[in-house]
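Residue-level structural notes
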Amino acid sequence: MGKARTLAQVYRRFGEADTAGSSPLYGRVAVALSESDEALRAIEAAPARKRHPALILAALHDLALAGRAPALAAAYEAADGAVAADAAIGTLLSMTDEVAAIAARRRPRTGETGRHAVLYPAVAEAAHRVGASAVGLIDVGCSAGFNLNVDRVGIAYGDGRSLGDPSSPVQVSASMVGERPVPERAMPEVVARVGVDPDPVDVTDAGEARWLRACVPPDRPEQMARLAAETALAAAAPPVLLQGDAIEVLTEAFARVPPDALPVVTTTWALSDLPLEGRLRFLHRLDETAAHRPVAWVSAEGVGVAPAIPTFGDRRASGHSIIGLALLDHSTVRTEAVGRCWSRGRLLSWLTGS
């Protein structure tokens, strides 16, 4: 939140612009908070860096989901914006310390699901090119580790093709752009699933799983349903979660992949959190491991974010991301941009031959 804008302005902008078209309920609540001097003073009980609307609203939602704010929970259940606004202010004023404490120890979680449509064909392509009969998945910036279940979901593409498990409780879809279809080859056996994150989410912990739900606006039932299905799938067979700096922990992550399997590192909009020097160190760590065994890296990152991945000459901040594939083996590094995607993988264009 910039110094030039007051807290009231930040909440009004969030309500009128940032949530436009995505959560009318949160839009109404955020504007109401911006107009209440008492509510704004209560928000200031949270640390300065923890007063963002997305975090405060998630903290309030967490209290509602935990049964500690029944009036707010009922208003959210009814999807009544006016009642929810009043209940949110009432909860904030009566539970100021609790809201501030949740905000202080938490950070917003995107709750993003559905990235499998991008990852599945790229991981299968990597294994195919190396001739691997088994892969070990290592997801950097894994959060709750949903990407690590890419082989356990069903994926429907807009051109009528499908991949994965059609009987899975998790079903995702993606629209297609262009004439080239995604390859229909199946992913080989996944023999290791390792997530790397500075603050991973253990979905077997009730409080952690509830916080993921709390970060989704209550008037987005389809997203809530997808999140619930992904959470249940991850909890049924939890991956290995390694906490720490990605570059430092990668060595341990590679050690968790059996020697006869291809380690496939995946990054989905995770490298932008690192400075350029950090991204280059990440690539160097992959190269170090490739001196001893083949390594693949599948990425979905903004244009120019993933080092060494071609960009087709696309401009940065162009509104889409590049799907990259890198294969490293001893001193050989082969990189290719295999596609473009938009809306975090809900729309994609496959650009390489099968």
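Note: the structure precedes this text.
Quick look at the structure, then. This one's a predicted model, so the numbers in the text were calculated from it and none came from an experiment.

1. Observations regarding the overall build of the protein
Secondary structure summary: the protein contains 12 helices and 11 strands in total. The globule rule puts the C-alpha radius of gyration for 354 residues at 20 Å, and the 21 Å found for the protein is close to it. If you line up the protein on its principal axes, its C-alpha atoms span 60 × 40 × 40 Å. Here the protein, with 354 residues, has 53% of them falling under the buried criterion. Counted over contacts in the protein with a minimum sequence separation of 6, partners at least 24 positions apart contribute 70%. When the accessible surface of the protein is totalled, it reaches about 15,400 Å², and 49% of it is carbon and sulfur. Across the protein, the mean location of the 36 positive side-chain charges is 3 Å away from that of the 41 negative side-chain charges.

2. Observations concerning empty space enclosed by the protein
Per the stated rule, a full pass over the model turns up one cavity of 30 Å³ or more. One number sums up the size of the largest cavity: a volume of about 40 Å³. In this structure, the largest cavity is lined by Ser299, Glu301, Gly302, Val303, Gly304, Val305, Ala306, Ile309, Pro310, Thr311 and Ile322. If one sorts the elements of the lining of the largest cavity by residue count, strand β8 (residues 295-302) sits on top with three residues. Across the lining of the largest cavity, the residue classes tally to six nonpolar, four polar and one charged.

3. Topic: the pairing of strand β7 (residues 262-268)
Most of β7 sits out of view: seven of its seven residues are buried. Across the two faces of β7 the burial is the same, with Leu262, Val264, Thr266 and Thr268 and Pro263, Val265 and Thr267 all buried. Relative to β8, β7 runs parallel, the two sharing five bridges. By the bridge assignment, Thr267 is partnered in β8 with Ser299. With helix α12 (residues 276-290) bridging β7 and its parallel neighbour β8, the resulting β-α-β unit is right-handed.

4. Some thoughts on helix α7 (residues 96-105)
In an α-helix, one turn spans 3.6 residues; hence positions three or four apart end up facing the same way. Of all the positions in α7, only Thr96, Val99, Ala100, Ile102 and Ala103 are classed as buried. One face of α7 carries all of its buried residues, which in axial projection span an arc of 165 degrees. What points out from α7, more than 90 degrees from its buried face, is the exposed set Asp97 and Arg105. Buried residues along α7 sit against α3 (37-43), α4 (53-65), α6 (81-94) and α9 (206-214).

5. Description of the pairing of strand β1 (residues 134-140)
Burial runs high along β1: seven of the seven residues are buried. Burial along β1 is two-sided: Ala134, Gly136, Ile138 and Val140 facing one way and Val135, Leu137 and Asp139 facing the other are all buried. Taken together, the seven bridges between β1 and strand β5 (residues 189-197) define a ladder with parallel strand orientation. Paired with Asp139 across the two strands is Gly195, which belongs to β5. Relative to β7, β1 runs parallel, the two being bridged by six bridges. Within β7, the position partnered with Ile138 by the bridge is Val265.

6. Here's the deal with the environment of Thr96
On the secondary structure map, Thr96 appears in helix α7. Taking the C-alpha atoms as reference, Thr96 lies 9.1 Å from Ala39; in sequence the two are 57 residues apart. Here Thr96 is in contact with Ala42, Ala45 and Thr91, once residues within four sequence places are set aside.

Analysis parameters
Residues numbered from 1 in each chain as written. Predicted model: local features only at pLDDT ≥ 70, side-chain atom pairs only at ≥ 80, totals over all residues. Heavy atoms only, no water. Helix = DSSP H or I, 4+ residues; strand = E, 2+ residues; numbered from the N terminus. Rg over C-alpha atoms; globule rule 2.2 N^0.38 Å. Buried < 20%, exposed > 50% of the residue type's maximum accessible area, 1.4 Å probe, protein only. Contact = heavy atoms within 4.5 Å. Areas by Shrake-Rupley, 256 points an atom, 1.4 Å probe, with all protein chains shown as cover. Lys, Arg positive; Asp, Glu negative; His and termini not counted. Charge placed at Lys NZ, Arg CZ, Asp CG, Glu CD. 1 Å grid on protein atoms, 1.4 Å probe; cavity = no way out; pocket = protein on both sides within 12 Å on 5 of 7 lines; lining within 4 Å. Points joined across faces, edges and corners; volume = space filled by probe spheres on them. Nonpolar A, V, L, I, M, F, W, Y, C, P; charged D, E, K, R; others polar. Pairing = 2+ DSSP bridges. Right-handed = clockwise from strand over helix to strand, strands pointing away. Arc of directions from axis to C-beta.

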